[in-house]
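For reference, the chains in residue letters:
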Amino acid sequence: MGGTNDSSPNHFILVGFSDHPCLERILFVALLIAYLLTLLGNTMIILVSQWDPHLHTPMYFFLTHLSFLDLSFTTSSIPQLLYNLNGHDKTISYAGCTIQLFLFLGLGGVECLLLAVMAYDRFVAVCRPLHYMIVMHPQLCLGLVSLAWGCGVANSLIMSPMTLWLPRCGYHKVDHFLCEMPALIRMACVNTAAIEGIAFILAVGIVLSPLVFILVSYGYIVRAVLSIQSSSGRHKVFNTCGSHLTVVSLFYGNIIYMYMQPGTSSSKDHGKFLTLFYNMVTPLLNPLIYTLRNKEVKGALRRLILGNLTFGKTL
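Residues numbered from 1 in each chain as written. Predicted model: local features only at pLDDT ≥ 70, side-chain atom pairs only at ≥ 80, totals over all residues. Heavy atoms only, no water.

*Asks:* Would you mind showing me how to read the state of the cysteines here?
*Replies:* Should the sulfur atoms of two cysteines be covalently bonded, the bond is a disulfide. The full count for this structure, using the stated rule, is 2 disulfides. The residue that forms a disulfide with Cys169 is Cys189, at a sulfur-sulfur distance of 1.9 Å. The sign of the 75 degrees torsion about the S-S bond sets the Cys169-Cys189 disulfide as right-handed. Taken together, the positions of Cys169 in the loop between helix 6 (138-164) and strand 3 (173-174) and Cys189 in the loop between helix 7 (181-186) and helix 8 (193-226) put the pair 20 residues apart, joining distant regions of the chain. Assessed through its relative accessible area of 35%, Cys189 is described here as partly exposed. Ordinal numbering of bonded cysteines along the chain defines a disulfide pattern of 1-3, 2-4. The cysteine Cys127 is free of any disulfide, with Cys241 supplying the nearest cysteine sulfur at 8.8 Å. Residue Cys127 is classed as partly exposed on the basis of its relative accessible area of 28%. (Disulfide = S-S within 2.5 Å. Helix = DSSP H or I, 4+ residues; strand = E, 2+ residues; numbered from the N terminus. Buried < 20%, exposed > 50% of the residue type's maximum accessible area, 1.4 Å probe, protein only.)

So this is what it looks like as structure tokens:
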């Protein structure tokens, strides 16, 4: 840790991987490529879901929001990380750190809840197929998404100020590559048991409760699938639900490890790479998971590409 001489009081120093310059160069190239692919893949999902009438369903309404969240989630930290990896300047302003922490906590919380909403959508589609469009009407879909956004933002409004207001006794070096809650809590020069307890309680509501809801929903889905006589019907359900379960496993696994033990108990080195994973790898893989396993999205992409080619030939 460094003292006040290391940086002005209105700045933080993001240590990140500065002790490993070779790793920084490799990470810069890898993250730049991954970030561009993430922008491309998630933008493609949003555009296809909006342009193709076949995808104007609740499932793709939620998937559009998930892709937008992934775009926002990565953009909240990856450009700053690329800037720091590419030069000797590792600083971030206090305002920049505040915004980054708020967005990171808020968008992460929204995604946890949105994945639970998507599980409910799959539950209704599989267990009550004849009433699906009646139950999942546009007003309910919009209400569920608004609830997810509201709870995620509220969680961030509580935790961000509490984390930033912790006394640090002049220390400004963040042993991470972004302003993340566990790293900022570790910087405190006071006992952090109270804020860690509050973080744990909120994590139960934002992380564990949606996960339990997802598992219960899929318990009912599995029971319904086993009663389907047609093998093609079972295969179709497994394809759509399998994509969602894969995304849930990737996202929740890392989030639970990081935020159910937010302070000094979590490994610093593991924390950095796990943060990289759910901040970059998961948003990168989500479009691939939903397109490779989903015939509807692949069909929409095919129609979009063929339509553009046909339009080009007529010019």
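Moving on from the coordinates now.
*Asks:* I would appreciate a short explanation of the pattern of salt bridges in the present structure.
*Replies:* Side-chain pairs of opposite charge can arise whenever the charged atoms involved come near each other. Inspection of the entire model under this criterion finds 2 salt bridges. Note that Glu24 and Lys90 form a salt bridge whose closest N and O atoms lie 3.1 Å from each other. Residue Glu24 is found in helix 1 (residues 21-51), and its partner Lys90 is found in the loop between helix 3 (78-85) and strand 2 (91-93); the two are separated by 66 residues along the sequence. Each member of the pair, Glu24 as well as Lys90, carries the same accessibility label: buried. Across the salt bridge formed by Asp121 and Arg122, the nearest N and O atoms sit 2.9 Å from each other. In this pair, the class of Asp121 matches that of Arg122, namely buried. (Salt bridge = Lys/Arg side-chain N within 4 Å of Asp/Glu carboxyl O.)

*Asks:* Help me understand the nonpolar core in this model?
*Replies:* Nonpolar side chains in soluble globular proteins generally cluster together in the buried interior. Residues Leu115 and Tyr252 are the most contacted members of the largest nonpolar core, which totals 66 residues. If one sorts the elements of this core by residue count, helix 4 (residues 94-127) sits on top with 13 residues. Not counting chain neighbours up to four residues away, the residues in contact with Leu115 comprise Leu66, Ile214, His244, Val247, Val248, Phe251 and Tyr252. By size, the runner-up hydrophobic cluster in this structure holds 19 residues, among which are Leu101, Met159, Leu166 and Ile185. (Core = buried A, V, L, I, M, F, W, Y, C linked by side-chain atoms within 4.5 Å. Contact = heavy atoms within 4.5 Å.)

*Asks:* Looking at this model, I keep getting lost on the sheet that holds strand 2. Mind explaining?
*Replies:* By definition, the strands of a sheet pair up through backbone hydrogen bonds, in either a parallel or an antiparallel sense. What the 3 strands build is an open sheet, ordered 2-1-3; its pairing is mixed. Here the strands that pair on one side only, and so sit at the sheet edges, are strand 2 and strand 3. Relative to strand 3, strand 1 (residues 11-14) is paired through 2 bridges, and the arrangement is parallel. Across the sheet, Leu14 pairs through a bridge with Val174, a residue of strand 3. Packed on one face of the sheet, helix 4 meets strand 1 and strand 2 and runs near 85 degrees to strand 2. (Pairing = 2+ DSSP bridges. Axes fitted to C-alpha atoms, helices over the stretch in contact; angles between N-to-C directions.)

*Asks:* Please clarify how the UniProt feature "transmembrane region" (unreviewed entry) in the chain should be interpreted in this entry.
*Replies:* UniProt marks residues 26-48, 60-79, 99-120, 140-158, 197-221, 242-260 and 272-292 with the feature "transmembrane region" (unreviewed entry), using the numbering shown here. End-to-end, the C-alpha atoms of residues 60-79 are 28 Å apart, and along that stretch the chain is 90% helix and 0% strand. Across residues 197-221, helical content stands at 100% and strand content at 0%; the span's end C-alpha atoms are separated by 34 Å. (UniProt positions renumbered as here; feature names shortened; annotations may be inferred.)

*Asks:* What am I meant to see in helix 8 here?
*Replies:* Along an α-helix, a turn takes 3.6 residues, which lines up residues three or four apart on a common side. With 34 residues, helix 8 should reach 50 Å at 1.5 Å per residue; the first-to-last C-alpha distance of 47 Å fits that figure. Maximal helix bending in helix 8 amounts to about 40 degrees, located at Val204. (Expected span 1.5 Å × (residues − 1). Bend = angle between axes of the 7 residues up to and from the residue.)

*Asks:* Would you mind going over the packing of aromatic side chains with me for this structure?
*Replies:* Aromatic ring pairs are described here by two measures, namely the spacing of the ring centres and the angle between the planes. In the structure shown here, the tally under the stated rule is 8 aromatic pairs. The interplanar angle of 45 degrees and the centroid separation of 6.3 Å between the aromatic rings of Phe68 and Trp149 together place this pair among those described as tilted. Here Phe68 is found in helix 2 (residues 58-75), whereas its partner Trp149 is found in helix 6, with 81 residues between them in sequence. Taking the relative accessible area as the measure of exposure, Trp149 reaches 26% and is therefore partly exposed. In this structure an aromatic cluster arises from ring pairing among Tyr120, Phe123, Phe213 and Tyr220. (Phe/Tyr/Trp six-rings, centres within 6.5 Å; stacked < 30°, edge-to-face > 60°.)

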